[in-house]
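Okay, here's what each chain looks like letter by letter:
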Protein chains: 6
Amino acid sequence: MRPEGRQNDELRKMTFEPNFIPHAEGSVLVSFGRTRVLCVASVEEKQPQHLTGTQKGWVTAEYGMLPRATQTRNKREAAKGQQTGRTVEIQRLIGRSLRASIDLDLLGPRTVTIDCDVLQADGGTRTASITGGFVALAMACRRLRSQGVIIQDPIKFPVAAISVGILDGQVRLDLEYEEDSRADVDMNVIGTAKGDLVEVQGTAEGHVFSRAQLNELLDMAFKGIREIAAAQVKAIG
Amino acid sequence: MRPEGRQNDELRKMTFEPNFIPHAEGSVLVSFGRTRVLCVASVEEKQPQHLTGTQKGWVTAEYGMLPRATQTRNKREAAKGQQTGRTVEIQRLIGRSLRASIDLDLLGPRTVTIDCDVLQADGGTRTASITGGFVALAMACRRLRSQGVIIQDPIKFPVAAISVGILDGQVRLDLEYEEDSRADVDMNVIGTAKGDLVEVQGTAEGHVFSRAQLNELLDMAFKGIREIAAAQVKAIG
Amino acid sequence: MRPEGRQNDELRKMTFEPNFIPHAEGSVLVSFGRTRVLCVASVEEKQPQHLTGTQKGWVTAEYGMLPRATQTRNKREAAKGQQTGRTVEIQRLIGRSLRASIDLDLLGPRTVTIDCDVLQADGGTRTASITGGFVALAMACRRLRSQGVIIQDPIKFPVAAISVGILDGQVRLDLEYEEDSRADVDMNVIGTAKGDLVEVQGTAEGHVFSRAQLNELLDMAFKGIREIAAAQVKAIG
Amino acid sequence: MRPEGRQNDELRKMTFEPNFIPHAEGSVLVSFGRTRVLCVASVEEKQPQHLTGTQKGWVTAEYGMLPRATQTRNKREAAKGQQTGRTVEIQRLIGRSLRASIDLDLLGPRTVTIDCDVLQADGGTRTASITGGFVALAMACRRLRSQGVIIQDPIKFPVAAISVGILDGQVRLDLEYEEDSRADVDMNVIGTAKGDLVEVQGTAEGHVFSRAQLNELLDMAFKGIREIAAAQVKAIG
Amino acid sequence: MRPEGRQNDELRKMTFEPNFIPHAEGSVLVSFGRTRVLCVASVEEKQPQHLTGTQKGWVTAEYGMLPRATQTRNKREAAKGQQTGRTVEIQRLIGRSLRASIDLDLLGPRTVTIDCDVLQADGGTRTASITGGFVALAMACRRLRSQGVIIQDPIKFPVAAISVGILDGQVRLDLEYEEDSRADVDMNVIGTAKGDLVEVQGTAEGHVFSRAQLNELLDMAFKGIREIAAAQVKAIG
Amino acid sequence: MRPEGRQNDELRKMTFEPNFIPHAEGSVLVSFGRTRVLCVASVEEKQPQHLTGTQKGWVTAEYGMLPRATQTRNKREAAKGQQTGRTVEIQRLIGRSLRASIDLDLLGPRTVTIDCDVLQADGGTRTASITGGFVALAMACRRLRSQGVIIQDPIKFPVAAISVGILDGQVRLDLEYEEDSRADVDMNVIGTAKGDLVEVQGTAEGHVFSRAQLNELLDMAFKGIREIAAAQVKAIG
């Protein structure tokens with residue numbers, strides 16, 4: 001049995017508190033069980049260097065974890081003077097995933113930065129960041145439209161993310177930390193409600209997994225992604 | 001007139017959400033108007049180097065601001081690879097102030113780290129951090145007692161903090177950002193409900209101020225400190 | 001048509017120069033077309049902190065690129081004072097992939113570090129690093145056995161890696177840089193000759209891809225992995 | 001009794017060696033007993049970013065301590081690769097204090113940097129830096145006038161600084177290191193000969209102090225400030 | 001007797017593999033015995049700041065050592081986040097030495113960066129870097145001429161470098177690591193086939209040496225430099 | 001003619017103020033014309049890692065320059081967060097040179113750190129640092145003997161340093177900055193009064209020089225070294 005009696009294909013309780021930071025262009029406090037991430041979108045009228053001279057926009061993300069988000073306190077990255085490899089890897093993934101959801105030409109020559117700060121961590125912080133990050137991004141786009149900065153909504157479709165894994169021989173959806181740390185295979189799936197993939201990262205630390213298992217994992221992931229995408233749409237309002 | 005019709009000697013609306021991070025030894029989301037700081041206490045069974053060989057404890061603090069806590073986004077300190085001078089100055093002040101409230105011998109050979117992370121900033125983040133930090137510290141001490149780790153409460157008295165300033169020739173309590181940025185004199189007072197001082201830092205950027213003005217500022221500050229100390233006691237429960 | 005007339009499912013010319021650094025425990029200069037990576041295994045009789053007190057070994061990797069490995073010179077990471085996010089992400093992937101190939105209990109309380117330094121880069125440097133890294137690791141294990149340091153070969157099976165992608169609507173194997181930069185979907189597959197997955201990372205920068213496309217990509221990747229695994233075995237000798 | 005028979009309200013022997021670095025726009029080697037600080041003013045025809053587009057000038061300060069300024073050698077900050085929090089806090093204080101003494105509009109679009117380097121440290125290095133820094137700044141302004149760069153003297157009044165503290169129940173002026181390390185309350189007062197405050201920072205590490213004690217401390221501090229301001233005027237000549 | 005029966009005035013086996021990195025403007029893999037250095041020249045159409053506004057070019061060098069170039073693995077400089085003092089000292093020496101060989105006015109407003117990366121280290125890596133660096137530089141100049149970017153060859157004469165030392169009372173040429181580590185006097189001589197000096201650095205760690213010994217060392221060094229210069233010319237072709 | 005009418009073989013006015021930092025084990029403010037360096041020796045009862053387990057001592061040096069030592073202000077190294085390559089190169093040279101003057105076995109298991117901080121720079125700061133550094137080192141050794149920490153003086157002989165150069169076709173001693181910046185050949189010679197060499201570093205930025213010129217340079221350098229060594233002995237007293 002899973003913690004708190006969850007079924008293998010059951011998501012944790014998911015909540016969205018939109019507008020958590022009222023002055024920001026978009027923001028949401030998203031939670032999946034005891035994992036809580038504050039996602040905030042900031043729009044700046046500037047382009048990254050590689051887009052200079054074009055009319056295209058950009059979406060990028062930064063990720064952080066408060067020192068006591070975890071059971072035992074971690075050293076603060078700002079005090080260490082460096083972001084860990086894990087942090088850098090995650091924020092690159094968030095940015096890449098969110099860029100799939102948006103037409104950068106319609107966004108126009110500006111940058112949306114999505115800050116994902118983990119207040120509480122119990123597994124799945126990167127997928128919660130993508131899921132919440134999409135909500136913040138969509139809210140920011142809507143505000144840009146309401147201000148007349150852009151005419152057409154650049155959002156193409158919701159992008160949602162979830163983790164799946166194999167644990168004790170069973171495929172499970174939305175692993176919490178205690179499950180994640182014991183899983184044989186761990187996969188993060190970023191996709192759309194229609195069943196298309198944006199990104200897939202599967203790893204078997206010290207093991208291997210078969211094509212058949214991959215397919216089982218993906219089937220269950222997309223069950224979750226459909227539920228999450230519906231909740232995202234509702235949160236954006 | 002002050003923003004939102006406040007009187008010169010009136011605090012902003014002050015709220016405390018204790019236990020915001022349930023797994024931490026102590027935590028509170030404190031707000032003064034639009035300034036919101038998450039204060040979390042972590043207890044670790046270790047001593048800083050200068051106490052090795054003694055039975056004394058230590059209280060230290062770290063301070064951070066989420067990138068979009070302010071009206072325009074700031075660069076993330078972890079990404080810059082360095083804490084700013086302002087951050088370092090503030091976290092040293094928080095630690096020093098909170099150590100005044102506690103008997104480090106009674107705390108015993110352990111360290112309490114108070115993480116103060118600003119979710120939203122509208123002036124007074126350092127005083128809100130001290131005020132909330134005390135609540136988190138007191139909650140952590142209570143938990144240590146309930147676990148039998150320590151016998152006697154090491155807390156001596158509540159320490160509260162507030163800003164006062166002179167603006168347009170008037171002494172005002174609890175400045176919000178718009179006021180703070182225009183003030184002629186800006187003072188942070190950390191003290192007790194009984195009217196004693198823990199720390200005082202007054203500065204007149206580009207101006208001077210008289211001893212008489214100093215006394216007016218302190219009188220008003222202690223009016224606020226008494227109200228805050230009462231609210232702290234209530235929040236700790 | 002692909003550059004140099006390659007078929008969609010054809011690998012670039014692949015060569016292995018084992019023992020390129022004779023004094024190292026294992027080493028190989030691996031090339032896939034114009035991509036050349038020097039992979040060197042170093043054995044040290046020490047354990048990472050998280051294994052202290054156990055009899056397990058560890059395999060880790062570091063990745064670097066010489067400044068002029070690319071068409072235009074890049075700034076030297078040591079001079080910049082920091083590894084890029086891309087570097088950190090790649091070396092974590094290499095380490096994780098190689099640990100799937102080895103029984104860390106049989107390796108015993110020591111660390112094998114695989115240094116992958118790219119002398120020339122034309123796409124696929126991370127997969128070449130894993131492929132060559134496995135050869136260096138296996139050579140180092142053989143040397144440890146021949147020295148009597150370990151009794152039983154800890155290598156479980158060869159791990160090989162290759163990139164696949166979708167470009168101009170076609171699935172292609174082993175993308176070179178010019179193809180990679182234009183691909184709609186880009187996937188790195190790390191697996192075994194038997195067809196099992198060690199890790200899969202697929203991304204569609206700004207696009208999505210279907211489950212059917214994923215399967216096509218994986219089929220072609222495993223065709224390449226079988227050929228590479230055969231060449232690895234031959235290179236180890 | 002105090003070291004070397006000083007009275008509670010008696011300053012240490014104070015000396016100024018102006019023009020210690022002849023090529024600099026202003027310089028002085030200031031000493032308070034065994035505390036010796038080299039203060040050097042450098043004028044540069046550039047403005048900090050926040051003044052771009054204005055005709056205002058700026059005064060800023062940097063602080064450093066030679067490794068063997070103290071009884072036992074400290075690690076060199078340049079070798080550690082970072083200024084300590086204490087250094088940053090002090091140099092911000094020096095800059096803020098000196099800006100109170102000068103009309104930045106009259107200074108015009110240029111920056112004066114005051115470098116305060118402690119050759120020997122025996123308590124009170126930050127107040128000696130402000131005191132000597134003012135002398136170097138005033139000398140630099142005089143040189144600018146004699147060169148015809150500016151017409152009117154931008155200096156408004158001398159700013160002097162001194163420490164006071166409570167030790168063994170007694171209020172004492174100008175603490176040396178041995179006293180400072182044992183003091184219950186420690187206060188740095190920056191002010192003018194007329195008795196106005198520029199900045200006040202009082203702290204009671206692990207204690208509290210009353211409003212009455214604060215007033216006693218300030219009375220004694222201003223006695224010292226009047227004597228120091230007279231010596232500053234004489235040193236500038 | 002020296003290792004492998006070398007005479008005191010005999011160079012190690014010296015080889016040059018030009019065009020090791022075909023896409024670079026110049027490159028060579030140079031070896032002196034077991035010391036192997038990859039030297040690559042990159043031409044960029046930009047000038048260092050101190051030449052802005054002139055028509056002069058610049059030659060600079062960077063030096064690095066792969067972690068396992070030595071018998072035991074060294075920490076990667078990029079991972080440490082800093083180049084060692086030794087690295088910085090060596091790359092400054094290489095740049096200075098190579099600038100002696102070239103007319104920077106004829107080179108024109110561009111920069112040639114020589115990257116010297118040590119694949120295998122057995123003493124004499126800095127002299128091998130200068131020797132190989134010259135070959136890469138000369139190849140790059142030839143390519144610039146063949147492309148019509150420059151008209152006249154800016155190379156003035158070959159610059160070669162070699163180490164000499166005093167060991168067991170004997171003057172020896174081209175020390176390998178085992179000799180170098182035991183030498184009483186260690187000297188690097190950079191010069192020309194005609195017998196002129198470009199740079200000389202002689203050091204007697206913990207000892208002194210006489211003017212007569214200096215002359216003996218220089219005589220032997222120039223014997224080697226003549227042989228190396230001949231080989232350089234042949235390698236450039 | 002040279003500045004201030006100096007002869008080609010004439011040193012600048014040289015002064016030594018011993019005991020400039022009275023609490024340090026050894027210290028001297030040394031000046032050569034307008035170049036002034038504060039050299040301070042600190043003895044610590046600890047060994048560097050490579051001497052653990054032996055009874056040998058160590059001498060090391062650190063070098064710094066105050067920001068306004070030069071005509072125009074340089075950025076502070078501690079603020080930049082890194083020592084420049086030039087600084088690192090110089091402090092390695094100082095340490096190496098001073099270790100030639102001392103018997104590390106007689107010094108015993110302790111470390112002497114020589115801090116050389118340039119207060120004013122007008123050429124020749126590295127040679128002044130070595131010259132003054134030796135005085136500080138010898139004073140520290142004498143103090144150790146007077147305290148009974150060591151029995152026998154570990155100093156073997158004075159080590160002095162001077163620069164020589166070729167400028168406008170003439171060999172000159174002790175170049176000041178204006179000469180140094182125009183010199184064709186620049187050489188630093190570290191040696192003894194008896195005429196032995198400790199270290200020689202000669203460089204011809206963009207030129208070459210002959211063996212005959214080398215000998216002329218060395219002859220003149222040793223004339224200076226004899227005079228400096230006599231002054232060092234007198235300064236130590």
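Caption draft 1: Focus on the interface of chain B and chain A. Taken together, the contact pairs 36 residues of chain B with 36 residues of chain A. Between chain B and chain A, a total of about 2800 Å² is buried, with carbon and sulfur atoms accounting for 49% of that surface. Counting the surface chain B buries against chain A, the share from its top three residues, H23(B), R68(B) and R73(B), is 26%. Run the count over chain B and chain A and you get twelve salt bridges. One salt bridge in this structure joins D115(A) and R73(B), with 2.6 Å as the shortest N-O distance. Linking chain B with chain A are 22 residue pairs in polar contact (both at pLDDT 80 or more). For the side of chain B that touches chain A, the element with the highest residue contribution is strand β3 (residues 35–44) of chain B, accounting for seven residues.

Caption draft 2: The interface of chain D and chain B, seen in detail. Facing 34 residues of chain D, the contacting portion of chain B comprises 34 residues. Buried area between chain D and chain B, both sides added, is near 3000 Å², and the carbon and sulfur share of it is 48%. The three residues of chain D that bury the most area against chain B are E89(D), L197(D) and R211(D), which together make up 21% of that side's buried surface. Where chain D meets chain B, there are four salt bridges.

Caption draft 3: Focus on the side chain of S163(B). All names here are of chain B. Within the fold, S163 resides in strand β6 (residues 160–167). According to the relative accessible area criterion, S163 is buried, its value standing at 3%. A polar side-chain atom of S163 sits 3.3 Å from the main-chain amide nitrogen of L175. Ignoring any residue separated from it by four or fewer positions in sequence, one finds S163 in contact with T127, R172, L173, D174, L175, M187 and N188.

Caption draft 4: Structural detail: the pattern of salt bridges. On inspection of all chains with the given rule, the structure shows 150 salt bridges over all chains. The shortest N-O distance in the salt bridge between R76(C) and E62(E) comes to 2.9 Å. Taken as a pair, R76(C) in the loop between β4 (58–65) and α1 (77–80) and E62(E) in strand β4 (residues 58–65) lie in two separate chains rather than in one. By relative accessible area, which is 8% here, R76(C) ends up buried. D219(F) is paired through a salt bridge with R211(E); the nearest N and O atoms lie 3.0 Å apart. Linking D219(F) in helix α6 (residues 211–236) with R211(E) in helix α6 (residues 211–236), this pair reaches from one chain into another.

Parameters and conventions
- Residues numbered from 1 in each chain as written.
- Chains lettered and ligands numbered in written order.
- Predicted model: local features only at pLDDT ≥ 70, side-chain atom pairs only at ≥ 80, totals over all residues.
- Heavy atoms only, no water.
- Contact = heavy atoms within 4.5 Å.
- Buried area = accessible area lost by both parts, 1.4 Å probe.
- Salt bridge = Lys/Arg side-chain N within 4 Å of Asp/Glu carboxyl O.
- Polar contact = N/O pair within 3.5 Å; in protein donor to acceptor, adjacent residues only side chain to side chain.
- Helix = DSSP H or I, 4+ residues; strand = E, 2+ residues; numbered from the N terminus.
- Buried < 20%, exposed > 50% of the residue type's maximum accessible area, 1.4 Å probe, protein only.

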